[in-house]
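# What the coordinates show
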Amino acid sequence: MRLKFSLNRILSLSTFILIVIYIVVYFLSCQLLEDAYAVGMSEANVLSRIRSILALVIVLASLAQFLLSKRKLSRLGRLFLIFSVYLFLHNCYYSFGGIVNAVNLYTSMTLWIYIYLAFYTYSFYNNSLGNPRTLLFLSVLFFCLLLVNYFAGVQIKDTYAYIESYFLITILPLAYLLENRKISNSILFLAVVASVLSGKRTGAIACMIVLVIYVISNHKSIQARILAFLKLLALVACGYFVLSTLLGTRFDLLVDRMMALSDDGGSGRDQVFALVLNDFGKSDFFQTIFGHGYNSVINSASSLGYSAHNEFLETLYDYGLIGNLLYISIFIVLWRNYRKIKIKKVKTAYLVSILVFFINSLFSHQILYTTNIIMLCAFWGYCDARLIRN
C-alpha cells in the first residue's frame, strides 16, 4: 500500500512537471511558427514534435496514475470520459496520415481531459496544488511567457497573439482559494496586466467580472462593499494612468478596441458566427450529427480563413450535434456541482471558473486549443477530489 502511495506521488509530480514543460514548449513552438521567416521552420517543427511527444506522455501518465489509484470518477470526470471516447471514435473516422498523425491529433483534442484526470487523482494524495507557492510559480511562469512574447514583438495582422494571457485569466479561480490575500491580489494584478498587454477584449471583460465578484465575496455588509467598490474605482483610475504611461500604445490599443466593440462586431465575429451557422445548415445528415472533423471551420467554404471564435459553434461544426451537446453538458454538470458546494470560498471560486469558461467559450476557444482550458481543468480536478474526499 505504501509502495502504491509513493508511486502515485511520483507519477503525480512527474505529470505536473510534464504539464509545465508542455506549456513552455507549446509557447515556444507557436512563437517560432509565427516568426518562421526569421528563425526558419526546422526549429518550430522540432518543438512541435517534442510537444506532441509530451502530450502523449501526459495522457499515458494520467491514465496510469488514475488506474493505479483505483478511485471512482466524479460526475464531471464521467462526462469527460464519455467525451474522450467520442473524440477517439471521431478521430479514428476523420484522421488522415497514418497512426502517428492520428495519435498527435487525439492528444491535441483531448489533452484537457487528461489534465483534469491528473489533477483529480493528484489532489487525493497531495494538498499542495492550492499552495500559494505553487500558484505563484505558475502565475509568474505564464506572465514571463507573456513578456517574452511581448518583447519579441510577434505581430499578426497588426495585432499581437498573446495567448498566454488566457493562462493567467483561467488561473483566477484558484486564487480565490488562497488564504494569503497578498498573493491573491498579486495574481489578480498579473492577470489584469496580462489582459492589457495581450489586447484581448475577452480577457479584459473576464478580468473585470472577476474583480467585481472578488469585491462582493470578500465583504459581507453593503457598506463594506460600497467602500470596496470605491477603492476599486480609485485603483482602476490610478491603474489607467500608470498603465497608459508605462505601456503607451499597447494600452491605447486595448482601450480603442474596447470602444470599438459595438462598431467592429467583435473583430468581425458577428460575420464569422453567421457564416459558420450558414455552412452548418448546408451539412448533410451525417455531418449534422457527427460534424466535419477537428478544426474544420477554418477550412470551411465561407469562413474567411478564421476559426469560429465561439466554442459552441466550433464544437457544433467540428463534432456535430453530439459533440455540441456533450460540450453544453459540461456547463450543466458544473452548475450542478456549484449548487452542491457548501464552503463559501470554494463556491465563489467555482462560480468564477464557470463564468470564465462561459465568457471564453462565447468569444474565444477553450477546447479547440487545449492550452486555454488547462488551468480550469486543474481547478475542477482539484475541487472535485477535495469535495469527494471530504
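These remarks concern the structure in this document. (Residues numbered from 1 in each chain as written. Predicted model: local features only at pLDDT ≥ 70, side-chain atom pairs only at ≥ 80, totals over all residues. Heavy atoms only, no water.)

### Section: the overall build of the chain
Where we set the bar: Put simply, DSSP marks the helices as runs of H or I at least four residues long and the strands as runs of E at least two long, and each gets a number from the N terminus on. Only protein chains enter the accessibility calculation, which uses a 1.4 Å probe; a residue whose area is less than 20% of its type maximum is buried, one above 50% is exposed, and one in between is partly exposed. Any two residues whose heavy atoms approach within 4.5 Å at even a single point are treated as in contact. Each accessible area value is a Shrake-Rupley result obtained with a 1.4 Å probe; residue values ignore everything except the protein chains displayed when judging cover.
The helix and strand inventory of the chain stands at 17 helices and zero strands. Taking all 390 residues of the chain together, 52% fall into the buried category. The long-range share in the chain, meaning contacts at least 24 apart out of those at least 6 apart in sequence, stands at 74%. Accessible area of the chain: about 18,700 Å², with a carbon and sulfur share of 68%.

### Here we look at the packing of aromatic side chains
Where we set the bar: Between the rings of Phe, Tyr and Trp (Trp by its six-membered ring), a pair exists once the centres lie within 6.5 Å; its type follows the angle of the planes, with under 30 degrees stacked, over 60 edge-to-face, and the other angles tilted. The rule is short: NZ of Lys or CZ of Arg within 6 Å of the ring centre and within 35 degrees of the ring normal puts a charge over the ring.
Tallied over the entire structure, the rule returns 21 aromatic pairs. Between Phe331 and Phe357 the ring centres are 4.5 Å apart and the planes differ by 10 degrees, which places this aromatic pair in the stacked class. With a gap of 26 residues between them, Phe331 in helix α15 (residues 311-340) and Phe357 in helix α16 (residues 344-363) connect regions that are remote in the sequence. According to the relative accessible area criterion, Phe331 is buried, its value standing at 13%. Aromatic ring contacts, followed pair by pair, group Phe312, Tyr327, Phe331, Phe357, Phe358 and Trp380 into a single cluster. It is Lys347 that lies over the ring of Tyr338; its NZ or CZ is 4.3 Å from the centre.

### Section: the nonpolar core
So the rule is basically this: Nonpolar core, defined: a set of buried Ala, Val, Leu, Ile, Met, Phe, Trp, Tyr and Cys residues in which side-chain atoms within 4.5 Å join the residues together.
One finds Phe142, Ile330, Tyr350 and Trp380 to be the most contacted residues of the largest nonpolar core, which totals 94 residues. The biggest single contributor to this core is helix α5 (residues 98-125), with 13 residues. If near-sequence neighbours (up to four positions away) are discounted, Trp380 is found in contact with Leu76, Phe80, Tyr116, Leu334, Tyr350, Ser353, Phe357 and Ile373. Listed in part, the nine residues of the second largest apolar core include Phe280, Ala308, Leu313 and Leu316.

### Thoughts on helix α17 (residues 374-389)
Note the following rule: A helix is expected to span 1.5 Å multiplied by its residue count minus one.
Relative to the 22 Å expected for 16 residues at 1.5 Å per residue, α17 spans 23 Å between its end C-alpha atoms, a close match to the ideal helical length. Summarising burial for α17: 12 of the 16 residues are buried, a large majority. Along α17, the residues classified as buried are Ile374, Met375, Leu376, Cys377, Ala378, Phe379, Trp380, Gly381, Tyr382, Cys383, Asp384 and Ala385.

### Details of helix α4 (residues 75-94)
In a regular helix each residue adds 1.5 Å, so 20 residues correspond to 28 Å; α4 covers 29 Å between its end C-alpha atoms and thus fits that length. Restricting attention to buried positions, one finds in α4 the residues Leu76, Gly77, Leu79, Phe80, Phe83, Ser84, Tyr86, Leu87, His90, Asn91 and Tyr94.

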